[in-house]
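An overview of the molecular structure
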Amino acid sequence: MAFDPEQQQPTSSAFVEVGKSSGEISSEREPLIKDNHTPENYSLVAAIFPFLFPALGGLLYGYEIGATSCAAISIQSPSLSGISWYNLSSLDVGLLTSGSLYGALVGSAVAFSIADVIGRRKELILAALFFLVGALTTTLAPIYSVLIIGRVTYGVGVGLAMHAAPMYIAETAPSQIRGQLVSLKEFFIVLGMVGGYGIGSLTVDTLSGWRYMYATSVPLAVIMGIGMWWLPPSPRWLLLRVIQGKGNVENQKEAAIKSLCRLRGPAFVDSAAEQVNEILAELSFVGEDKEATFGELFRGKCKKALIIGGGLVLFQQITGQPSVLYYAPSILQTAGFSAAGDATRVSILLGLLKLIMTGVAVVVIDRLGRRPLLLGGVSGMVVSLFLLGSYYIFFSAAPVVAVVALLLYVGCYQLSFGPIGWLMISEIFPLKLRGRGLSLAVLVNFGANALVTFAFSPLKELFGAGILFMGFGVICVLSLLFIYFIVPETKGLTLEEIEAKCL
């Protein structure tokens, strides 16, 4: 196993004085990162809440996706909407469904400026506040314009939460289970989607049912906010402030020690101070002691991290995930599935499949590693996309081909890009640029999502569904090459080791 900075006491000979830039680490710096170390001491019970409360941001994001698909039906019903402005145009419905996406883009941009100043914990508290205000505004909206304001406000919370949650979980989790915990956040997103579809199906035939759908987010946002207020700040963020000379050194170190003790449980108390010093030494060693500039994002190891993280989340979206799910009801209906006539039930069916496959990824990710799951899962996506394209071009009389391709795509996506994209961007960036780097990656994610969503219909009209899915298949092959040649394996490494060995 790799060296853990929170278990071994560094010696003076291990820390050779070298330049403190964000460039490549030279070979003489390697003694810091040893090949064997004792696994970190931690309490599994103590690790639950530092994961759970940030992951509620993912749950609220997924719930919004599921609930809005049902709310769009409820709000246009003349008899059940409970409003006089139910006769919405296609543009109005488009703004309703995509309003949170615009807000998420804004939230990602805001995170770029504030993340490393206020820290991960306060950013998640701010996200919970936006979730709460957005949900209340949407639920109580008297007119359409207020409804859209609520949707965009909620979306800002999504952007902040999707930025800060993976960072907080990655920086506070023991290295042995970091992959499982960050991937479990993706499980919470899918769980939220299934929950949104479920609540939506129960209330879609109720008077003003769309208001109940959005109101369900309110208590979850309150719990998330209170939980994050109770949790300590990320110790690595506190120590980054120490070595960059921001704040009182002794106070910050003491806060980091207390934070580690709370995050890792009673087994960690005796060694907390020693391990804080070791983390400080390693952060200084890999060049974290100087405050980052914007230009450093595009130089040296920060540039490499941006290529890896940004590339993964870009391919996560442009390999056709929104489009395949868009076509799911018609594919199942063609195959004769009775549930296909009900879009909500179809969505629940696919949501449950996504949930199961994400659960499989969570269980095996820290055993098999990131690269095997990415390579295997994306290979399956390639096969499924070419099968889907072939169905629309050559095999339209054999709908079973489309059903198999659809299920294969959804399952393989949730084994690979779904959880691992978010995991990699949370752990690949150097600490001093993690906030800004991850905000750019999240911005790329939501921007690419918007691009694929809005470009799909005109591209389908221009080329046809078969050619379009074949095109997605070609892009998926390119993503496979990108993973094979560019993306490193980070299984079992601490965040400091990833910075030293993989960048």
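To start, this report covers the structure provided alongside it. (Residues numbered from 1 in each chain as written. Predicted model: local features only at pLDDT ≥ 70, side-chain atom pairs only at ≥ 80, totals over all residues. Heavy atoms only, no water.)

Before going further, it helps to spend a moment on the overall build of the protein chain. Helix and strand counts for the protein chain come out as 18 helices and zero strands. Across the 503 residues in the protein chain, those meeting the buried criterion constitute 59%. Here the analysis covers contacts within the protein chain between residues at least 6 apart in sequence; of these, 85% occur between residues at least 24 apart. When the accessible area of the protein chain is evaluated, it comes to approximately 18700 Å², of which 68% is carbon and sulfur surface. (Helix = DSSP H or I, 4+ residues; strand = E, 2+ residues; numbered from the N terminus. Buried < 20%, exposed > 50% of the residue type's maximum accessible area, 1.4 Å probe, protein only. Contact = heavy atoms within 4.5 Å. Areas by Shrake-Rupley, 256 points an atom, 1.4 Å probe, with all protein chains shown as cover.)

Another point: the environment of Tyr212. Looking at the secondary structure, you find Tyr212 in helix 5 (residues 209-215). Counting along the chain gives 141 residues from Tyr212 to Ala71, while the straight-line C-alpha distance between them is 9.3 Å. Apart from residues no more than four positions distant in its own chain, Tyr212 is found in contact with Thr203, Thr206 and Leu207.

An ideal rise of 1.5 Å per residue puts 20 Å on 14 residues; helix 6 (residues 217-230) measures up with 20 Å between its terminal C-alpha atoms. Among the residues making up helix 6, those that are buried are Ser217, Val218, Ala221, Met224, Gly225, Gly227 and Met228. Tucked inside the fold, the buried residues of helix 6 contact helix 1 (48-74), helix 2 (90-140), helix 3 (144-172) and helix 5. (Expected span 1.5 Å × (residues − 1).)

Judged by side-chain polarity, Ile307, Val474, Val477, Leu478, Leu481, Tyr484, Phe485 and Ile486 come together as a nonpolar surface patch covering roughly 750 Å² of accessible area. Sorting elements by how many residues they give to the nonpolar patch places helix 17 (residues 465-486) first, with seven residues. Turning to its location among the elements, Tyr484 is positioned in helix 17. (Patch = residues over 30% accessible without salt bridge, like charges linked within 9 Å, V, L, I, M, F, W, Y side chains within 5 Å. Salt bridge = Lys/Arg side-chain N within 4 Å of Asp/Glu carboxyl O.)

Within the secondary structure layout, Val363 lies in helix 12 (residues 343-368). The class for Val363 is partly exposed, based on a relative accessible area of 41%. Linking Val363 and Leu181, residues 182 residues apart in sequence, is a C-alpha distance of 9.9 Å.

Another point: the side chain of Ser479. Structurally, the position occupied by Ser479 is in helix 17. On the basis of relative accessibility, which here comes to 1%, the residue Ser479 falls in the buried class. Residues contacting Ser479, with those up to four places away along its chain left out, are Phe315, Thr319, Val378 and Phe417.

At 3.6 residues per turn, the α-helix brings residues three or four places apart onto the same side. For helix 14 (residues 399-415), which comprises 17 residues, the first-to-last C-alpha distance of 25 Å matches the rise-based estimate of 24 Å (1.5 Å per residue) to within 8%. Buried within helix 14 are the following residues: Ala402, Val403, Ala405, Leu406, Tyr409, Val410, Gly411, Cys412, Tyr413, Gln414 and Leu415.

Moving on, we get to the pattern of salt bridges. Using the criterion set out here, one finds eight salt bridges in the structure. Here Glu171 makes a salt bridge to Arg434, at a shortest N to O gap of 2.8 Å. Of this pair, Glu171 sits in helix 3 while Arg434 sits in helix 16 (residues 431-463); the two residues are 263 residues apart in sequence, bridging distant segments of the chain. For Arg434, a relative accessible area of 2% gives the class buried. Between Arg178 and Glu427 there is a salt bridge whose closest N-O contact spans 2.8 Å. Of this pair, Arg178 sits in helix 4 (residues 178-203) while Glu427 is found in helix 15 (residues 417-427), placing the two residues 249 residues apart along the sequence. A single burial state applies to Arg178 and to Glu427, both of which are buried. By sharing partners, the salt bridges in this structure join Asp116, Arg120, Glu171 and Arg434 into a single network.

Turning our attention to the state of the cysteines. Scanning all chains against the criterion turns up zero disulfides. Free of any disulfide, Cys412 has its nearest neighbouring cysteine sulfur in Cys476, separated by 9.3 Å. (Disulfide = S-S within 2.5 Å.)

Our next topic: the nonpolar core. By size, the foremost hydrophobic cluster in this structure holds 100 residues, and its most contacted members are Phe131, Met224, Leu312 and Phe417. With 12 residues, helix 3 is the largest single contributor of residues to this core. Sequence-distant contacts of Leu312, that is, excluding residues within four places in its chain, are made with Leu374, Phe417, Met424, Phe482, Ile483 and Val487. Membership of the second largest hydrophobic core comes to 19 residues, among which are Val93, Tyr144, Ile148 and Trp210. (Core = buried A, V, L, I, M, F, W, Y, C linked by side-chain atoms within 4.5 Å.)

This brings us to unusual backbone geometry. Backbone geometry at Ser208 places phi at a positive 55 degrees, although glycine is not the residue there. Among the secondary structure elements, Ser208 is positioned in the loop between helix 4 and helix 5.

That's the geometry; what it means functionally is another story.
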